[in-house]
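# Results of the structural survey
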Amino acid sequence: MKAINKVIDWLEDYLLIILMIAMTCVVMAQVILRMTGGNLKWTEETARYMYIWVIYLGASRAVRNHAELSVDIIRGLFKDAGRAQAVYDTVRTAMCVAFSAVFARYSFAIIQNMISRPQYSPACQYNMILVYIASIVAAVLMLSRYLRELAGDILRIIDPGRGGRKKGEEDE
């Protein structure tokens, strides 16, 4: 399982890098052409759709690195209470699992709708399923990562010595 996770993480990282480089090149080409009086109609739309992929994959990567937005003041209240902090982490992670599951379910419904009634982008005539599929990819990746995190949180409640530390926590 760890090998599969490493491959997925590697693919995610390199896809983000490739998309950022490609998006930068496309936008730069558009800027240069506008300055010289030319215009490429596909660059704006292509950059927008690459950006959507970067956002969704970036959200998944943030979950992987425990860098999602959070309110640390609540967690700080439980800093010295090991089991209470583990319970708080479990509740927080369970809420994230619920959000990711709902996100995945509705993303899947949108994809099904797009398969039965395809839509195409106005300028380039891209099939919009290529854009919308980013949401289901991110939702599934986030859900799998939150489920692993939830399992570790539950282990920390049962046995505070197990379950490991989350990234970003300081050694005491």
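Structure: see above.
What this report covers is the structure whose coordinates are included nearby. Every value quoted in this text rests on a predicted model; they were computed, and no experiment measured them.

Secondary structure summary: the chain contains 5 helices and 0 strands in total. Tracing the chain from N to C terminus, the helices and strands come up as α-α-α-α-α. Its C-alpha atoms give the chain a radius of gyration of 20 Å, clearly above 16 Å, the size a compact globule of 172 residues would have. When its C-alpha atoms are laid out on the principal axes, the chain stretches across 65 × 40 × 30 Å. Counting only residues that meet the buried cut, the chain has 33% of its 172 residues in that class. Sequence-distant contacts, at least 24 apart, represent 71% of the contacts inside the chain between residues at least 6 apart. For the chain, the exposed area adds up to about 11,200 Å²; of that, 68% sits on carbon and sulfur atoms. Of the side-chain charges in the chain, 20 are positive and 16 negative, and the distance between the mean point of each set is 7 Å.

The next point concerns the side chain of aspartate 89. With respect to the secondary-structure elements, aspartate 89 resides in helix H4 (residues 82-116). Polar side-chain contacts of aspartate 89 include one of 2.3 Å to the side chain of arginine 156.

Okay, the packing of aromatic side chains next. Each pair of aromatic rings is reported with the distance of its centres and the angle of its planes. If you walk through the whole model with that rule in mind, you get 4 aromatic pairs. Here the aromatic rings of tryptophan 10 and tyrosine 14 are separated by 4.8 Å at their centres, their planes lie at 45°, and the arrangement is tilted. Note that tryptophan 10 and tyrosine 14 are positioned in helix H1 (residues 2-35) at a spacing of 4 residues, about one turn of the helix. Its relative accessible area of 41% is what places tyrosine 14 among the partly exposed residues. Residues tyrosine 56 and phenylalanine 103 carry aromatic rings whose centres are separated by 5.9 Å and whose planes lie at 25° to one another, so their mutual orientation is stacked. Of the two residues, tyrosine 56 is situated in helix H2 (residues 41-64) and phenylalanine 103 in helix H4; the sequence distance between them amounts to 47 residues. Assessed through its relative accessible area of 26%, tyrosine 56 is described here as partly exposed. Put simply, the rings of Tyr56, Phe99 and Phe103 touch in pairs and so form one group of aromatic residues.

Our next topic: the nonpolar core. Judged by nonpolar contacts, the single largest core of 17 residues is most densely connected at Val97, Met128, Met142 and Tyr146. Secondary-structure elements contributing two or more residues to this core are H2, H4 and helix H5 (129-158). With 8 residues, the top contributor of residues to this core is H5. In this structure tyrosine 146 touches Val63, Glu68, Thr93, Cys96, Val97 and Ser100, once residues within four positions along its chain are discounted.

What counts and what doesn't
- Residues numbered from 1 in each chain as written.
- Predicted model: local features only at pLDDT ≥ 70, side-chain atom pairs only at ≥ 80, totals over all residues.
- Heavy atoms only, no water.
- Helix = DSSP H or I, 4+ residues; strand = E, 2+ residues; numbered from the N terminus.
- Rg over C-alpha atoms; globule rule 2.2 N^0.38 Å.
- Buried < 20%, exposed > 50% of the residue type's maximum accessible area, 1.4 Å probe, protein only.
- Contact = heavy atoms within 4.5 Å.
- Areas by Shrake-Rupley, 256 points an atom, 1.4 Å probe, with all protein chains shown as cover.
- Lys, Arg positive; Asp, Glu negative; His and termini not counted.
- Charge placed at Lys NZ, Arg CZ, Asp CG, Glu CD.
- Polar contact = N/O pair within 3.5 Å; in protein donor to acceptor, adjacent residues only side chain to side chain.
- Phe/Tyr/Trp six-rings, centres within 6.5 Å; stacked < 30°, edge-to-face > 60°.
- Core = buried A, V, L, I, M, F, W, Y, C linked by side-chain atoms within 4.5 Å.

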